[in-house]
Amino acid sequence: SRRLRTVDLARRKAEGRKIVALTACHAQMAGLLDAHCDVILVGDSLGMVMHGMDSTLPVTLDMMILQAQAVMRGTRRALVVVDMPFGSYEASSEQAFASAARILKETGAGAVKLEGGARFAGTVAFLTQRGIPVMGHIGLTPQSIHTMGGFRVQGKGPDGQRLLLEDARAISEAGAFAIVLEGIVEPVARAIAGAPEVTAPTIGIGASPFCDGQILVLEDMLGLSERTPKFVRQFGSLRAHIEAAVRLYAEEVQAGRFPDDAHTYGER
Ligand code: KIV
Ligand code: NA
């Protein structure tokens, strides 16, 4: 079997089959997702999830490459997409190409993702025309937290729909193979997902059921993250499982019951 390719997502959309995506940054975890997910995103949310950062802004290209290498080693089937971190692509198309080329060359991943609407259409076209598939990301774009004034749901207000539809159209026409719609009110998300001029498949996170696919941050949907946004459904309860296992381990060590004979090397 071979890995899914960006063109396979377009086929999914044409056939009306939902695209399944999750984030991962860990080889073993990614291995568990591989059979079930079309897309595994090495998201820059790893800065907050793995490293306890307050935002995604401090994440570096080297951090993204290291975790993407781990995810590639742990998977064989899914399309692995890697986030371009803040500061690695905004200055110019040339800067974006240099960063994206490092990601593809050093990790073997199949595509990159970058945040931004119409203003980044030129960058998306530049990369796509030079052999680098790009996933767009519009709406609530966490790298713009300072200019957005916090994590705010997007698409409200009189111009909300017009501006976001324009962003989606521009990124799609620039050649993006898919677009993440994040934190967008339902009517606007629905309008974008259904717009004929937006040919790229839409992948929603907090952006209604009308998108062509869905993505969540893995640790959020597993019930590992302490606080999660409204749009997250916890499909598991890993916090409770891990806490129970660690508590039991501590009790058994303190009581001298671990290790027992079954877990101890004898003389031969
Ligand atoms: O970094 C990330 O996890 C993402 C997804 C939420 C789309 O960009
Ligand atoms: Na991200």
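- An unreviewed UniProt entry annotates the protein as 3-methyl-2-oxobutanoate hydroxymethyltransferase originating from Methylobacterium tarhaniae.
- Regarding the protein, the relevant UniProt record gives this comment under Function (unreviewed entry): "Catalyzes the reversible reaction in which hydroxymethyl group from 5,10-methylenetetrahydrofolate is transferred onto alpha-ketoisovalerate to form ketopantoate."
- The Catalytic activity (unreviewed entry) field of the UniProt record for the protein holds the comment "(6R)-5,10-methylene-5,6,7,8-tetrahydrofolate + 3-methyl-2-oxobutanoate + H2O = 2-dehydropantoate + (6S)-5,6,7,8-tetrahydrofolate".

## Looking at the UniProt feature "binding site: Mg(2+)" (unreviewed entry) in the protein
No. 1: Under the local residue numbering, the UniProt record ascribes the feature "binding site: Mg(2+)" (unreviewed entry) to Asp44, Asp83 and Glu115. Across 72 residues of sequence, these annotated residues stay compact in space, with a maximum C-alpha separation of 10.8 Å.
No. 2: Apart from the residues within four sequence positions on either side, Asp44 is in contact with Thr56, Val59, Met64, Asp83 and Pro85.
No. 3: As for its placement among the helices and strands, Asp83 is situated in strand β3 (residues 79-83).
No. 4: Given 28 C-beta atoms within a 10 Å radius, Asp83 is considered buried.
No. 5: Non-local contacts of Asp83, meaning those with residues more than four positions away in its chain, are made with Leu41, Val42, Gly43, Asp44, Met64 and Lys113.

## Quick word on the UniProt feature "binding site: 3-methyl-2-oxobutanoate" (unreviewed entry) in the protein
No. 1: Cross-referencing UniProt, the feature "binding site: 3-methyl-2-oxobutanoate" (unreviewed entry) maps to Asp44, Ser45, Asp83 and Lys113 in the present numbering. The named residues occupy 70 residues along the chain; their greatest pairwise C-alpha distance, 12.6 Å, places them in one compact cluster.
No. 2: With respect to the helices, strands and loops of the structure, Lys113 is situated in strand β4 (residues 111-113).
No. 3: Non-local contacts of Lys113, meaning those with residues more than four positions away in its chain, are made with Leu41, Val81, Asp83, Met84, Met135, His137 and Val180.

## A look at the pairing of strand β6 (residues 178-182)
No. 1: Along β6, five of the five residues are buried, which leaves the element largely enclosed by surrounding structure.
No. 2: Of the two faces of β6, the one lined by Ala178, Val180 and Glu182 and the one lined by Ile179 and Leu181 are each fully buried.
No. 3: Of the pairings in the sheet, the one linking strand β5 (residues 134-139) to β6 comprises five bridges and is parallel in character. Looking at the pairing, Gly139 lines up with Glu182 of β6.
No. 4: Here four bridges tie β6 to strand β7 (residues 202-205), and the two strands are oriented parallel to one another. Note that in β7 the partner of Glu182 across the bridge is Ile205.
No. 5: You can see the chain leave β6, run along helix α9 (residues 186-194) and come back into β7, and the turn it takes is right-handed.

## Focus: the sheet that holds β3
No. 1: One closed barrel holds the eight strands; their spatial order is β1-β2-β3-β4-β5-β6-β7-β8, and the pairing between them is parallel. The average undirected angle you get between the axes of adjacent strands in this sheet is 25 degrees.

Procedures and definitions
- Residues numbered from 1 in each chain as written.
- Chains lettered and ligands numbered in written order.
- Predicted model: local features only at pLDDT ≥ 70, side-chain atom pairs only at ≥ 80, totals over all residues.
- UniProt positions renumbered as here; feature names shortened; annotations may be inferred.
- Contact = placed C-beta atoms within 7 Å.
- Helix = DSSP H or I, 4+ residues; strand = E, 2+ residues; numbered from the N terminus.
- Buried ≥ 20, exposed ≤ 12 C-beta atoms within 10 Å, placed from the backbone.
- Pairing = 2+ DSSP bridges.
- Right-handed = clockwise from strand over helix to strand, strands pointing away.
- Axes fitted to C-alpha atoms, helices over the stretch in contact; angles between N-to-C directions.

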